[in-house]
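A structural walkthrough
Single-letter residue listing:
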Amino acid sequence: MRKAFLVLGIAAGVWTACEQEVTNPLPGIPVPRFVAAAADTSAEERGIDAVPEEDAIFLQWHRDQELSGFQLFRRFEGEKNFGLIALLTARDSSFYDRVPTDIRCYYYLRGLDEEERLGAPSDTVDYMLLAKAFDLQVTAGEPPLFSWSTGLMRPAFYLIRLYEEASGAPVWIGRMAPGYQGTRESTPYNSDGRAVLPRLQSGVLYRWRIDCAGAAARTGSESAWQRFTLY
């Protein structure tokens, strides 16, 4: 499970800058670098991504000992200007940005030196949240049946992420196409043959969630985690 720290944000709109314009960047100040986003099916979750806790985008970048802080900027698709949304310290390396679904968000960082002088902007990264899957349920059986609900809009595919709670070890990261029949989806355990275990063990606590992945890159959502034990 992703480990991140929620850091102090400030309201958008304090300062805006056109995407192609930078106000007096000073040479010699390191340019911040975002952590590269992992593939949707990767067991390691890093970089820009959705989060399961709420409708928010997770951003992650590399710390730099030569920087004393960062400024984080965002613009929504269709907007001309970026707005400053957060002032961050040198200790910060991640941020949760609560945003609406179905609109692409673009971000860049600028670093500050010890005299609070701004450097040049980082590369721009982007992400669009989709509506989350909800009402996750596990029905006991051999194999167990995993089911969930969605809205009327279907993603390009679903990912089921199943982990052993105590160790955090991945058990099954399965990929499934939507059924396009109503708003309820389901799949038996290990339906794609990618699970680590041939069958789930009784008395073991597991956690799982459903990720919705859009057709475009960096488009998706993550449901809230659910936990269960089979007996």
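Here is what the cut-offs are and how they apply
- Residues numbered from 1 in each chain as written.
- Predicted model: local features only at pLDDT ≥ 70, side-chain atom pairs only at ≥ 80, totals over all residues.
- Heavy atoms only, no water.
- Helix = DSSP H or I, 4+ residues; strand = E, 2+ residues; numbered from the N terminus.
- Buried < 20%, exposed > 50% of the residue type's maximum accessible area, 1.4 Å probe, protein only.
- Contact = heavy atoms within 4.5 Å.
- Areas by Shrake-Rupley, 256 points an atom, 1.4 Å probe, with all protein chains shown as cover.
- Core = buried A, V, L, I, M, F, W, Y, C linked by side-chain atoms within 4.5 Å.
- Salt bridge = Lys/Arg side-chain N within 4 Å of Asp/Glu carboxyl O.
- Pairing = 2+ DSSP bridges.
- Axes fitted to C-alpha atoms, helices over the stretch in contact; angles between N-to-C directions.
- Polar contact = N/O pair within 3.5 Å; in protein donor to acceptor, adjacent residues only side chain to side chain.
- Phe/Tyr/Trp six-rings, centres within 6.5 Å; stacked < 30°, edge-to-face > 60°.
- Lys NZ or Arg CZ within 6 Å of the ring centre and 35° of its normal.

1. Topic: the overall build of the chain
For the chain, the count of helices and strands is 0 helices and 17 strands. Taken across its 231 residues, the chain has 46% of its residues classed as buried. Sequence separation of at least 24 residues holds for 66% of the intrachain contacts in the chain that already meet a minimum separation of 6. Roughly 11900 Å² of accessible area belongs to the chain as shown, and the carbon and sulfur atoms make up 50% of that amount.

2. Structural notes on the nonpolar core
With 22 residues, the main nonpolar core has I57, L59, L72 and Y107 as its most contacted residues. Setting aside chain neighbours within four positions, we find L72 in contact with F34, L59, G83, L84, I85, A86, L88, F95, Y107, Y108 and L109. Listed in part, the 20 residues of the second largest apolar core include A133, L136, Y189 and I210.

3. Thoughts on the pattern of salt bridges
Inspection of every chain in the model, using the stated rule, returns 17 salt bridges. The partner of E54 in a salt bridge is R98, and the shortest N-O contact between them spans 2.7 Å. One end of the pair, E54, is in the loop between β2 (49-50) and β3 (56-60); the other, R98, is in strand β6 (residues 94-98), and 44 residues separate them in sequence. Using a relative accessible area of 48% as the deciding quantity, one classes R98 as partly exposed. Each of the salt bridges in this network shares a partner with another, and the network as a whole consists of E45, R161, R209, D211 and E222.

4. As for the sheet that holds strand β11 (residues 145-149)
Note: strands within a sheet are paired through backbone hydrogen bonds, in either parallel or antiparallel orientation. If you walk across this open sheet you meet the 3 strands as β10-β11-β14, and the pairing is antiparallel. Looking at which strands have only one partner, the edges of the open sheet turn out to be β10 (134-139) and β14 (184-188). Averaged over all neighbouring strand pairs, the angle between strand axes comes to 15°, with direction disregarded. In the sheet, β11 pairs with β14 via 5 bridges, with the strands oriented antiparallel. Residue pairing in the sheet places W148 in a bridge with E185 of β14.

5. Some points on the sheet that holds β6
Reading across from one edge, β2-β3-β6 is the order of the 3 strands in this open sheet, with antiparallel pairing throughout. A single partner strand is all that each edge strand has here, and the edge strands are β2 and β6.

6. Considering unusual backbone geometry
Look at the link from E142 to P143: it is a cis peptide, with omega at 5°. Within the element layout of this structure, P143 appears in the loop between β10 and β11. Phi angles above zero are rare outside glycine, and D135 is one such case at about 55°. Tracing the backbone shows D135 in strand β10.

7. Description of the side chain of E45
Within the secondary structure, E45 sits in the loop between β1 (16-18) and β2. Here the side chain of E45 touches R209 through a polar contact of 2.5 Å, side chain to side chain.

8. Topic: the packing of aromatic side chains
Enumeration over the complete set of coordinates arrives at 11 aromatic pairs. Every member of this aromatic cluster is reached through a ring pair, and the members are F146, W172, Y189, Y206, W208 and F228. When the ring centre of W225 is taken as origin, the NZ or CZ atom of R207, which lies over that ring, is 5.0 Å away.

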